[in-house]
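Examination of the molecular architecture
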Amino acid sequence: MPEVRLSPRERLVLTAIIDAYITTGEPVASQALARGFADREGLGSATLRNVMSTLGELGLLEQPHTSAGRVPTAAGFRFYVEQLTQAGRLTVLTRGSGTGPGSEAGLSEATRDQIEDSFSGVARSHEYLERTSHVLALLSSGLGVALAGSTAGQVLEHVHFSRLATGRVLAVVVTATGAVQDRVLVLDREMLHIELETAARYLNENFRGWPIERIRTEVARRAEVERETYQQLLTSVEELCRKGALTIEDTAQAIFVDGIANLISVERDRERLRQMLGALEAKERLIDLLNAYVDGRQQDVRVVVGLDKGSPAMQDLVLIGAPARLGGTSLGTVAVIAPTRIQYQEMIQAVSYIARLSERILESPAD
């Protein structure tokens with residue numbers, strides 16, 4: 001759709017209509033809008049009807065029934081969000097702004113306190129992601145979604161080695177997201193139980209919280225530099241890593257979803273509800289949506305109105321998402337998926353706040 005240019009009066013009317021529709025959920029009539037303006041800005045009923053007609057011709061408003069008022073289209077909501085973020089009505093806090101999660105900007109104190117209380121006791125990334133989906137569902141009355149980062153960003157939580165038979169060892173790796181993978185290693189030499197135990201302790205004590213890809217590189221470096229000092233230990237650790245002890249296979253990304261009941265309670269059209277739930281039930285579809293729309297390298301919140309033009313059920317949904325990080329590592333994506341009639345300003349701020357909260361409540365990987 002080409003860029004829409006509106007006059008100040010047209011922007012004022014569109015914003016008023018969308019604010020009223022978000023609050024009531026009902027089509028907005030010119031008479032009701034006129035009462036709100038009380039003839040301020042020269043906006044009486046006749047003028048408002050003309051402006052609303054123009055906005056309809058531009059594809060920003062639609063009229064569900066001949067005698068009804070207007071409701072915003074997906075394009076109207078997109079314009080509204082752009083005005084929020086560009087015209088100064090909304091300040092989205094970013095990591096580069098120097099404003100931490102404790103800032104007074106953005107969210108109300110009550111909402112910040114609710115978020116802080118909800119994350120009390122969370123110490124692991126998979127706990128953070130699971131809690132995030134629940135908190136965002138509560139705040140948005142929509143779907144709260146949290147997607148763990150891909151395996152390329154996995155960090156080590158714990159590793160354990162068990163001797164199975166001559167030259168065969170079971171390696172069990174637990175990542176910070178809670179994923180558990182095991183692998184049978186075929187070694188070039190026999191390792192005793194005490195060697196395996198010592199090697200696991202060395203990895204856990206020195207590399208917990210490190211990106212797994214980086215651990216393998218660092219072990220190889222230390223084996224070269226410090227072999228004389230720790231010859232026996234590093235020889236064992238290096239062979240275990242070389243044989244695949246810290247190789248993480250590509251698996252489905254962990255995703256946490258909460259709030260399906262919220263969508264059921266607000267959607268009155270049974271057929272559209274069936275289509276919507278069908279589109280959202282497939283977790284692979286949700287993973288694809290988050291990966292497509294939220295870039296882990298971005299610094300702020302992404303708002304996407306109308307998720308899938310090819311699916312009627314998805315056209316009426318909005319995604320508000322942001323990347324979460326742990327140190328320099330991508331932890332995943334946190335997001336709200338909800339009907340387009342949502343409190344945009346509050347939810348953009350909430351998603352931003354929770355995404356940045358990960359840096360404070362979780363232990364950062366080693367530098």
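Scroll up a little and you will see the structure.
Report on the accompanying structure. (Residues numbered from 1 in each chain as written. Predicted model: local features only at pLDDT ≥ 70, side-chain atom pairs only at ≥ 80, totals over all residues. Heavy atoms only, no water.)

Time to look at the overall build of the protein chain. Summing up its helical and strand segments, the protein chain has 14 helices and 10 strands in all. Taken over 367 residues, the protein chain has a buried fraction of 47%. Considering only contacts in the protein chain between residues 6 or more positions apart, those separated by 24 or more positions represent 64%. Accessible surface, the protein chain as shown: approximately 18000 Å² in total, 47% of it carbon and sulfur. (Helix = DSSP H or I, 4+ residues; strand = E, 2+ residues; numbered from the N terminus. Buried < 20%, exposed > 50% of the residue type's maximum accessible area, 1.4 Å probe, protein only. Contact = heavy atoms within 4.5 Å. Areas by Shrake-Rupley, 256 points an atom, 1.4 Å probe, with all protein chains shown as cover.)

As a further point, take helix H9 (residues 231–242). The end-to-end C-alpha separation of H9 is 16 Å, in line with the 16 Å expected for 12 residues at 1.5 Å each. Looking only at H9, the buried set comprises Leu233, Leu234, Ser236, Val237, Glu239, Leu240 and Cys241. The secondary structure elements touched by the buried residues of H9 are strand S4 (156–165), strand S5 (168–175), strand S6 (180–186), helix H7 (193–207) and helix H8 (212–225). (Expected span 1.5 Å × (residues − 1).)

Time to look at the sheet that holds S5. Spatially, S4-S5-S6 is the arrangement adopted by the three strands of the open sheet, whose pairing is antiparallel. What marks the edges here is a single partner per strand, and that holds for S4 and S6. The mean inter-strand angle of the sheet, taken between neighbouring strand axes irrespective of direction, is 20 degrees. (Pairing = 2+ DSSP bridges. Axes fitted to C-alpha atoms, helices over the stretch in contact; angles between N-to-C directions.)

Let's shift gears to the nonpolar core. Counting 60 residues, the largest nonpolar core has Val13, Ile115, Tyr128, Ile320 and Tyr344 as the members making the most contacts within it. Counting residues per element, this core draws most heavily on helix H14 (residues 344–361), which supplies nine residues. Those residues in contact with Tyr128 that sit more than four places away from it in its chain are Phe119, Val122, Ala324, Leu331, Val334, Ile354, Ala355, Ser358, Ile361 and Leu362. Core analysis: the second largest hydrophobic core is formed by 27 residues, Phe161, Ile212, Leu233 and Leu240 among them. (Core = buried A, V, L, I, M, F, W, Y, C linked by side-chain atoms within 4.5 Å.)

Looking at where Thr73 falls in the secondary structure, it is placed in the loop between strand S2 (71–72) and helix H4 (74–86). Here Thr73 falls in the buried class, since its relative accessible area comes to 15%. Every residue in contact with Thr73, bar those within four places of it in the chain, is listed here: Gly59, Leu60, Leu61 and Glu62.

Glancing now at the pattern of salt bridges. One pass over the structure, following the stated rule, counts nine salt bridges. For Arg163, the salt bridge goes to Glu190, with nearest N and O atoms at 2.4 Å. Of this pair, Arg163 sits in strand S4 while Glu190 sits in the loop between S6 and H7; the two residues are 27 residues apart in sequence, bridging distant segments of the chain. Classification of Arg163 by relative accessible area gives partly exposed; the value is 44%. (Salt bridge = Lys/Arg side-chain N within 4 Å of Asp/Glu carboxyl O.)

Running from N to C, helix H5 (residues 109–118) and H14 cross one another at 40 degrees; their axes reach a closest spacing of 11 Å. Taken as axis vectors, H5 and H14 run oblique relative to one another. Remark: the crossing between H5 and H14 carries right-handed chirality. Contact residues: Thr111, Arg112, Ile115 and Glu116 in H5; Glu346, Tyr353, Ile354, Leu357 and Arg360 in H14. Along the lines of polarity and charge, the residues of the contact of H5 with H14 split into four nonpolar, one polar and four charged. (Parallel < 35°, antiparallel > 145°, perpendicular 65-115°, else oblique. Left-handed = near helix turned anticlockwise from the far one by under 90°. Nonpolar A, V, L, I, M, F, W, Y, C, P; charged D, E, K, R; others polar.)

All right, on to unusual backbone geometry then. Among all residues except glycine, the phi angle is most often negative; among peptide bonds, the trans geometry is most common. Despite not being glycine, Ser141 shows a phi value in the positive range, around 55 degrees. Its location among the elements puts Ser141 in the loop between helix H6 (125–140) and strand S3 (143–148).

Next up on the list: the packing of aromatic side chains. Summed over all chains, the structure comprises six aromatic pairs. With 5.9 Å between their ring centres and 70 degrees between their planes, Tyr80 and Tyr344 make a pair best called edge-to-face. With a gap of 264 residues between them, Tyr80 in helix H4 and Tyr344 in helix H14 connect regions that are remote in the sequence. By relative accessible area, Tyr80 is classed as buried at 7%. Its relative accessible area of 1% is what places Tyr344 among the buried residues. (Phe/Tyr/Trp six-rings, centres within 6.5 Å; stacked < 30°, edge-to-face > 60°.)

Before going further, it helps to spend a moment on the environment of His158. Inspection of the secondary structure assignment puts His158 in strand S4. A residue is classified by how much of its surface remains accessible, and His158, at 39% relative accessible area, is partly exposed. Separated by 17 residues in the primary sequence, His158 and Thr175 have C-alpha atoms spaced 6.8 Å apart. Leave out the neighbours within four places in its chain, and His158 touches Val172, Val173, Val174 and Asn204. In terms of polar contacts, His158 uses its side chain to reach the side chain of Asn204, at 3.5 Å. (Polar contact = N/O pair within 3.5 Å; in protein donor to acceptor, adjacent residues only side chain to side chain.)

Bringing a nonpolar patch on the surface into the picture now. The grouping of Val257, Ile260 and Ile264 at the surface amounts to a nonpolar patch, some 200 Å² of accessible area in total. Residue position: Val257 is located in strand S7 (residues 255–258). (Patch = residues over 30% accessible without salt bridge, like charges linked within 9 Å, V, L, I, M, F, W, Y side chains within 5 Å.)

What sets the pattern is the α-helix's 3.6 residues per turn: residues three or four places apart point alike. Residues of helix H2 (residues 30–37) that are buried include every one of Ser30, Leu33, Ala34 and Phe37, and no others. The buried side chains of H2 occupy one side of the element, clustering within an arc of 105 degrees when seen end-on. Among the exposed residues of H2, those oriented more than 90 degrees off its buried face are Arg35 and Gly36. Of the surrounding elements, those touching the buried residues of H2 are helix H1 (8–24) and helix H3 (45–57). (Arc of directions from axis to C-beta.)

Moving on to the environment of Val135. Tracing the chain through its elements places Val135 in helix H6. On the accessibility criterion, Val135 (2% relative accessible area) is buried. Linking Val135 and Ile354, residues 219 residues apart in sequence, is a C-alpha distance of 9.1 Å. With sequence-adjacent residues up to four places away left out, Val135 is seen in contact with Ile115, Ser118, Phe119 and Ile354.

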